[in-house]
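What the coordinates show
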Amino acid sequence: MDRRYRKAIIAANWKMNINPSEAKKLTTAMLKCSSAKDTSVVLCVPAIDLTIVKRVLRQSRIAVGGQNCHYEDTGAFTGEVSAQMLYDAGAKYVIIGHSERRSMFGETDEIVRKKVAAAIRAGLRPIICVGETEEQREMGITEEQIRIQVKSAVYGLDADDFRKVVFAYEPVWAIGTGKTATPEDANEVCKAIRACLREKYGARPSRGTSILYGGSMNEENAPALLAMPHIDGGLIGGASLKPEAFAAIVAATK
Ligand code: PEP
């Protein structure tokens, strides 16, 4: 990553793991990660864990985030959680458009766009996930696919709002599979994301946008991935449930 323009962000995605009764122990074990100075550490946790995680983290620099939100601010949407609710519970970030949401819960680019807008309205920083499937990579249309997702996600955002946005490049075939993109390939896609953002917002804002890599990142492959100029951090699933591994990934941003 280029430290002149961007701060590293390492975000945990606990997914639908960790009950509220287990969250205190895991969060306490994560406290050692806060010593990394120039790195923002975020725990994106199940909504029901937010309050307890936030309480454990109150003296630390580690932030909390949600993993999803509705695109409306309030209303009759039984079972849903709004961006405002996440913010009110102490979240700073929210993951939007994770491939599991896109593939299992029917989230389209249009829904992702509306959720990004809702997150920003509520005062949250959206971590917008984009990525190609294995089939799309084999067909050679990775960049086209990413460009559509990126452009659609930020459609309608003005320059001020855009400053709050974080992207995560997550090749779908690498999530939870143990397969990782090579640092060079991941860097190329992150560079393409930045180029796409530059077309819309100009050189300065795109240079300042953090673009994370996600997809089976662990303590072994993190140093090489994080050494690439366009990769500004990681969105970590499996390894974020192991405090030692997660701390090692945070340390690899130095
Ligand atoms: C993710 O869920 O965003 C992710 C990257 O998962 P994993 O690290 O387990 O591949």
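Definitions and limits used
- Residues numbered from 1 in each chain as written.
- Predicted model: local features only at pLDDT ≥ 70, side-chain atom pairs only at ≥ 80, totals over all residues.
- Heavy atoms only, no water.
- Core = buried A, V, L, I, M, F, W, Y, C linked by side-chain atoms within 4.5 Å.
- Buried < 20%, exposed > 50% of the residue type's maximum accessible area, 1.4 Å probe, protein only.
- Helix = DSSP H or I, 4+ residues; strand = E, 2+ residues; numbered from the N terminus.
- Contact = heavy atoms within 4.5 Å.
- Polar contact = N/O pair within 3.5 Å; in protein donor to acceptor, adjacent residues only side chain to side chain.
- Arc of directions from axis to C-beta.

**Quick look at the nonpolar core**
- Ranked by internal contacts, the top residues of the largest apolar core, which has 64 residues, are Trp14, Leu43, Phe167, Ile193, Tyr213 and Phe246.
- Residue contributions to this core peak at seven residues, all from helix α9 (residues 183–201).
- When near neighbours in sequence (up to four residues on either side) are disregarded, Leu43 contacts Ala12, Trp14, Thr27, Met30, Val53, Leu57, Ile62, Ala63, Val64, Gly65 and Phe246.
- Among the nonpolar cores identified, the runner-up in size contains 13 residues, and Val42, Ile95, Cys129 and Leu212 belong to it.

**Describing the environment of Ala89**
- Of note, Ala89 is situated in the loop between α3 (83–88) and β4 (93–96).
- Separated by 42 residues in the primary sequence, Ala89 and Ala47 have C-alpha atoms spaced 8.9 Å apart.
- The residues contacting Ala89, other than those within four sequence positions of it, are Leu50 and Lys54.

**Some remarks on the side chain of Asn13**
- Residue position: Asn13 is located in strand β1 (residues 8–13).
- Within polar-contact distance, the side chain of Asn13 engages the backbone nitrogen of Lys15 at 3.0 Å.

**Regarding helix α1 (residues 20–30)**
- Among all positions in α1, only Ala23, Leu26, Thr27 and Met30 are buried. Each buried residue of α1 lies within a common arc of 100° when the element is viewed along its axis, so the set occupies one face. The exposed residues of α1 that point more than 90 degrees off its buried face are Ser21, Lys24 and Lys25.
- Tucked into the core, α1 has its buried residues touching β2 (39–44), α2 (50–56) and α12 (243–251).

**Comments concerning unusual backbone geometry**
- We note that Ile18 has phi near 75°; this positive angle belongs to a residue other than glycine.
- Positionally, Ile18 belongs in the loop between β1 and α1.
- Classification of Ile18 as buried rests on a relative accessible area of 19%.
- Within the chain, Ser216 stands out as a residue other than glycine whose phi angle is a positive 55°.
- Among the structural elements, Ser216 can be located in the loop between β7 (211–214) and α11 (222–226).
- Overall, Ser216 belongs to the buried group, its relative accessible area being 19%.

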